[in-house]
Amino acid sequence: MGRSLAKQFLEMGIDSLYVRGLKKPFLQHLGLKLALYNWGIKRGIFYGNIISEELGIHFLSGRGLELATNSPHPQGEKIPFEFPEFPVFIIDLALWDRHSPDEKN
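Read on for a plain summary of the structure. Bear in mind that the values here come from a model prediction, so they are computed numbers and not experimental data.

Conventions adopted
- Residues numbered from 1 in each chain as written.
- Predicted model: local features only at pLDDT ≥ 70, side-chain atom pairs only at ≥ 80, totals over all residues.
- Heavy atoms only, no water.
- Pairing = 2+ DSSP bridges.
- Helix = DSSP H or I, 4+ residues; strand = E, 2+ residues; numbered from the N terminus.
- Axes fitted to C-alpha atoms, helices over the stretch in contact; angles between N-to-C directions.
- Contact = heavy atoms within 4.5 Å.

**A short note on the sheet that holds strand S1 (residues 16-18)**
With respect to topology, 3 strands assemble into an open sheet ordered S1-S3-S2, the strand pairing being mixed. Each having just a single partner strand, S1 and strand S2 (40-54) make up the two edges of the open sheet. Shown here is a sheet whose adjacent strand axes are inclined to one another by a mean of 70 degrees, direction ignored. Where S2 meets strand S3 (residues 57-73), 12 bridges bridge the pair, whose relative direction is antiparallel. When the sheet's bridge partners are listed, Phe46 is paired in S3 with Ala68. Packing of helix H2 (residues 26-37) onto the sheet brings it into contact with S1, S2 and S3, and relative to S2 it is tilted by some 155 degrees.

See the structure below:
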């Protein structure tokens, strides 16, 4: 989901976001906020320090001199986001013998 979201943001001209209350990986968590909680993008002027970069998107937070003009927010403008067609799950069975019978089910 993070890759699709990064591609969408870059196509929209968004290459930096001011974030508060999100955890790493930021793009993945932001995708969940957009999908599950109907968040959007709030436009404005936000100054902070660059705390991370994921797939071409810089994430700012706190107080600093770097500028971002967008921030994810519950009352932000909703963006049309095309979620991936199907989720990709990777299951590692290398430690299968360490699981209890309930966990194996």
